[in-house]
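Overview (structure and organization)
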Amino acid sequence: CYMYAASKEEFDQVYPRLESTMQAFLRSYGDDGGCREGGAYWGYGFGYFVYYAELLRRYTNGKVDMFKNEKVHQMAKFQERFSLTPHRSANFSDCNSRFACHFGLISFLKKEYDDIIVPSYESLTGFDTDHCHRWAHPVRDFLWANPELDFQDKAEKFCYMPNAQWYIKTTKTYSLAAKSGKNDEPHNHNDVGSFIFLSGDDAVCDDPGPGVYNKDYFSDKRYENIKASSAGHNVPIINGTYQSPGSSFYGKVISANEGEFVVDMTNAYDCPQLKSLIRTIKPGEKCVEIIDRFETEGECPVTERFVTKIPPVIQKGKINIGCGSISGDFEDAQCMRNEELYLIDIPVKGK
């Protein structure tokens, strides 16, 4: 609101700095509009960007209109892409699974871009969602909210965001989110090749969400925390080692279409014995098939790890988790608990 409170001369002095900051923010997103930090950071960062851009457009009588930028259009559509159910979203990196969209923000975006899909009414935030009670969001919830919006129920959909390398598919039976990426992303977790699988609203295979924001979590001790480590994600453990952090540890997307998501995960691990690891995720009508192909050298035990927050019931060849299950050609599976996470380990047969 400084642009209205200050004189034109004062605002003209600070505007170059504001413009530089906003352009830096836009550069942090890819052309697909995906926010690799997740939904909450999109709601906060993009939300405040929208509020600034709308004020600037009015202040300049439409001469500066950032909403004409196609990247901004794609950023606006991110909320409809990462949602899995009215109660769950794809929450990779430091994000909680529950994302609530502000009524005013989505009303404005729908007015600005007609192709925006409005989430279900259940997905909207309440007044007390923001524990800081920041003023910018709720005041626009009052001023911008459009009660005539066409709220959507959970829709069957498929999307792939090539810059973020997020793969999303929802059906009447289940919801799936998977990713590739690299291990130095904003609010990074070591989670190349990880996925989230929901049967209804039950997270059969879950993402751990954020760790506690403290000094250690944002230091060189970060990956000792299971929530940032690949130890807390749905990815294999190779020769007793987890994925490593840093830009040199990454995945490569081989294929991403409605029928499969294939990721080369080899370079996510610092393990000389691992020569190749290709993960193929095949969404079917009622289930999802995960196929991992390993090529190793010498002695190199491999363990598949699955993470959930629902107490599992382990049987031979099947693990029941909520209203879903994990099944396959295995006899032995072990489960241990770490805080609210249940870590399920299945030894891989063969070399």
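To keep things clear, this report deals only with the structure shown in the data block. (Residues numbered from 1 in each chain as written. Predicted model: local features only at pLDDT ≥ 70, side-chain atom pairs only at ≥ 80, totals over all residues. Heavy atoms only, no water.)

**Looking at the overall build of the protein chain**
The helix and strand inventory of the protein chain stands at 7 helices and 20 strands. Taking 2.2 N^0.38 as the reference for a compact globule, 351 residues should give roughly 20 Å; the C-alpha atoms of the protein chain span a radius of gyration of 22 Å, in line with that estimate. Seen through its principal axes, the protein chain has C-alpha atoms that stretch 70 × 40 × 35 Å. Within the protein chain, contacts between residues at least 6 apart in sequence are counted, and of these 63% link residues at least 24 apart. Carbon and sulfur atoms make up 50% of the accessible area of the protein chain, which totals about 16900 Å². Here the protein chain contributes 40 positively and 50 negatively charged side chains, and the mean placements of these two sets differ by 1 Å. (Helix = DSSP H or I, 4+ residues; strand = E, 2+ residues; numbered from the N terminus. Rg over C-alpha atoms; globule rule 2.2 N^0.38 Å. Contact = heavy atoms within 4.5 Å. Areas by Shrake-Rupley, 256 points an atom, 1.4 Å probe, with all protein chains shown as cover. Lys, Arg positive; Asp, Glu negative; His and termini not counted. Charge placed at Lys NZ, Arg CZ, Asp CG, Glu CD.)

**Side note on the pairing of strand β5 (residues 174–179)**
Each regular strand carries side chains that alternate between the two faces of the sheet. Counting buried positions along β5 yields 6 of 6 residues, so the element is predominantly enclosed. Burial along β5 is two-sided: Y174, L176 and A178 facing one way and S175, A177 and K179 facing the other are all buried. Sheet topology note: the strand β4 (residues 166–170)/β5 ladder contains 5 bridges and is antiparallel. Paired with T170 across the strands is S175, a residue of β5. Between β4 and β5, which pair antiparallel one after the other, the connecting turn spans 3 residues. (Buried < 20%, exposed > 50% of the residue type's maximum accessible area, 1.4 Å probe, protein only. Pairing = 2+ DSSP bridges.)

**A look at the packing of aromatic side chains**
According to the stated counting rule, one finds 22 aromatic pairs in the structure shown. Each ring, one from F11 and one from Y59, has its centre 4.8 Å from the other, and the planes form 65°; the classification is edge-to-face. Note that F11 is positioned in helix α2 (residues 8–27) and Y59 in helix α3 (residues 39–59), a separation of 48 residues in sequence. In this structure Y59 comes out as partly exposed when scored by relative accessible area, which is 24%. Chaining the aromatic ring pairs together yields one cluster made of F25, Y29, W42, F46, F49, F78, F82, F92 and W166. Here R140 stacks its cationic end above the ring of W144, 5.4 Å away from the centre of that ring. (Phe/Tyr/Trp six-rings, centres within 6.5 Å; stacked < 30°, edge-to-face > 60°. Lys NZ or Arg CZ within 6 Å of the ring centre and 35° of its normal.)

**Points about the sheet that holds strand β9 (residues 237–238)**
In a beta sheet, neighbouring strands pair by backbone hydrogen bonds and run either parallel or antiparallel. The strand order across the open sheet built from 4 strands is β9-β15-β20-β19, with neighbouring strands paired in antiparallel fashion. Among the strands making up the open sheet, the edge pair consists of β9 and β19 (334–338). Relative to strand β20 (residues 341–347), strand β15 (residues 302–308) runs antiparallel, the two sharing 6 bridges. Paired with E304 across the bridge in β20 is I346.

**Considerations on the nonpolar core**
Ranked by size, the top nonpolar core spans 46 residues in total, and within it W42, F46, F49, V50 and L109 carry the most contacts. Only α2, α3, α4 (70–76), α5 (78–82), α6 (103–112), β3 (157–161), β4 and β7 (195–199) provide two or more residues apiece to this core. Top contributing element to this core by residue count: α3, with 8 residues. Once you skip the residues sitting within four places of it in the chain, F49 turns out to touch M22, F25, L26, M66 and V72. By size, the runner-up hydrophobic cluster in this structure holds 31 residues, among which are F197, M265, I319 and A333. (Core = buried A, V, L, I, M, F, W, Y, C linked by side-chain atoms within 4.5 Å.)

**Overview of the pattern of salt bridges**
In the structure shown here, the tally under the stated rule is 16 salt bridges. Across the salt bridge formed by R222 and D94, the nearest N and O atoms sit 2.9 Å from each other. With R222 in the loop between β8 (202–205) and β9 and D94 in the loop between β2 (88–89) and α6, this residue pair connects regions lying 128 residues apart in the sequence. This pair shows no difference in class: R222 is buried, exactly as D94 is. (Salt bridge = Lys/Arg side-chain N within 4 Å of Asp/Glu carboxyl O.)

**Structural notes on α6**
Within α6, 7 of the 10 residues are buried, which leaves the element mostly enclosed by the surrounding structure. Turning to α6, its buried residues are F103, G104, L105, I106, S107, F108 and L109. Tucked into the core, α6 has its buried residues touching α3, α4, α5 and α7 (136–144).

**What to know about the environment of W166**
The topology assignment puts W166 in strand β4. Under the relative-accessibility criterion, W166 is labelled buried at 0%. For the pair formed by W166 and A177, sequence separation is 11 residues and the distance between their alpha carbons is 7.1 Å. In this structure W166 touches C35, R36, G38, F78, F82, A90, F92, C159, Y160, M161, A178 and K179, once residues within four positions along its chain are discounted.

**Quick look at the sheet that holds strand β16 (residues 313–315)**
The 3 strands are arranged β16-β17-β18 in an open sheet whose pairing can be described as antiparallel. Of all the strands in the sheet, the pair left with one neighbour each is β16 and β18 (324–327). Geometrically, the sheet is characterised by an average inter-axis angle of 15° between neighbouring strands, direction not taken into account. The pairing of strand β17 (residues 318–321) with β18 spans 4 bridges and is antiparallel. (Axes fitted to C-alpha atoms, helices over the stretch in contact; angles between N-to-C directions.)

**Digging into the side chain of S229**
The residue S229 is located in the loop between β8 and β9 in this model. Looking at S229, its side chain comes within polar contact range of the main-chain nitrogen of A231, at 3.0 Å. (Polar contact = N/O pair within 3.5 Å; in protein donor to acceptor, adjacent residues only side chain to side chain.)

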